[in-house]
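# Results of the structural survey
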Amino acid sequence: MARQTHLTPEFVELAPPQLKDGVLYVSMVHSCVIHRCCCGCGEKVVTPLSPGEWQLYFDGENVSLHPSIGNSRFRCRSHYWIRQGQVIWVKKLTPAETEAAWRHDRAARDAHFGARQGPQVEPPAPKSKRGFWQRLLGPSEES
Ligand SMILES: [Zn+2]
């Protein structure tokens, strides 16, 4: 159960069924990054890449992800940044912070995708990538 301090990017089309510790699987095809929780708990962390979700920076050697990884829905409640391949640990989120982060993420997502509410007739929403990954990666992503 050792904490990871460094993640090595591996550019793949699809992440393998067995994820290795310390590897950040980057799928450009599916705009998604997958890694095992850096605390060593073995949970699979899926971060979709989009302007309203996570952004990936690749300097040719190492990757950074923005914003931080807050695994508030896992038992370990890990919270860390991935900066140029380094895992920078920050204190665990309190429930209030988790709530605030969730609201912030939600607001960013709404701003990006547009609010799909209101009485007017909307075209059906496109299938979300998250659903795709859930099907692909199995039921453990259900919260
Ligand atoms: Zn963990």
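Residues numbered from 1 in each chain as written. Predicted model: local features only at pLDDT ≥ 70, side-chain atom pairs only at ≥ 80, totals over all residues. Heavy atoms only, no water.

### With respect to the sheet that holds strand S6 (residues 63-70)
Operational definition: Only strands that DSSP links by at least two bridges are regarded as paired with each other. The way it works is that DSSP assigns letters per residue, a run of H or I at least four long becomes a helix, a run of E at least two long becomes a strand, and they are numbered from the N terminus. Think of each axis as a best-fit line through the C-alpha atoms, taken over the contacting stretch in the case of a helix, with angles from 0 to 180 degrees between the N-to-C directions.
On the basis of which strands lie adjacent, the open sheet formed by 4 strands has the order S5-S6-S7-S8 and antiparallel pairing. Strands at the two margins of the open sheet, each flanked by one partner only, are strand S5 (55-58) and strand S8 (86-89). Within the sheet, the average angular offset between the axes of one strand and its neighbour, ignoring direction, is 25°. Where strand S7 (residues 79-83) and S8 come together, 4 bridges link them in antiparallel fashion. If you follow Tyr-80 over to S8, its bridge partner there is Trp-89.

### Description of the pairing of strand S3 (residues 32-36)
Put simply, side chains in a regular strand alternate between the two faces of the sheet. Applicable threshold: Buried means the residue's accessible area, taken with a 1.4 Å probe over protein chains only, is under 20% of the maximum for its type, while exposed means over 50%, and partly exposed covers the values in between.
Taken across its 5 residues, S3 has 4 buried, putting it largely inside the fold. Two elements, strand S2 (residues 23-27) and S3, share 3 bridges in a ladder whose sense is antiparallel. Within the sheet, the bridge partner assigned to Tyr-25 lies in S3 and is Ile-34. By the bridge criterion, 5 bridges tie S3 to strand S4 (residues 44-48) in an arrangement that is antiparallel. Its bridge partner being in S4, Arg-36 is matched across the sheet by Lys-44.

No statement about biological role is implied by the geometric values presented.
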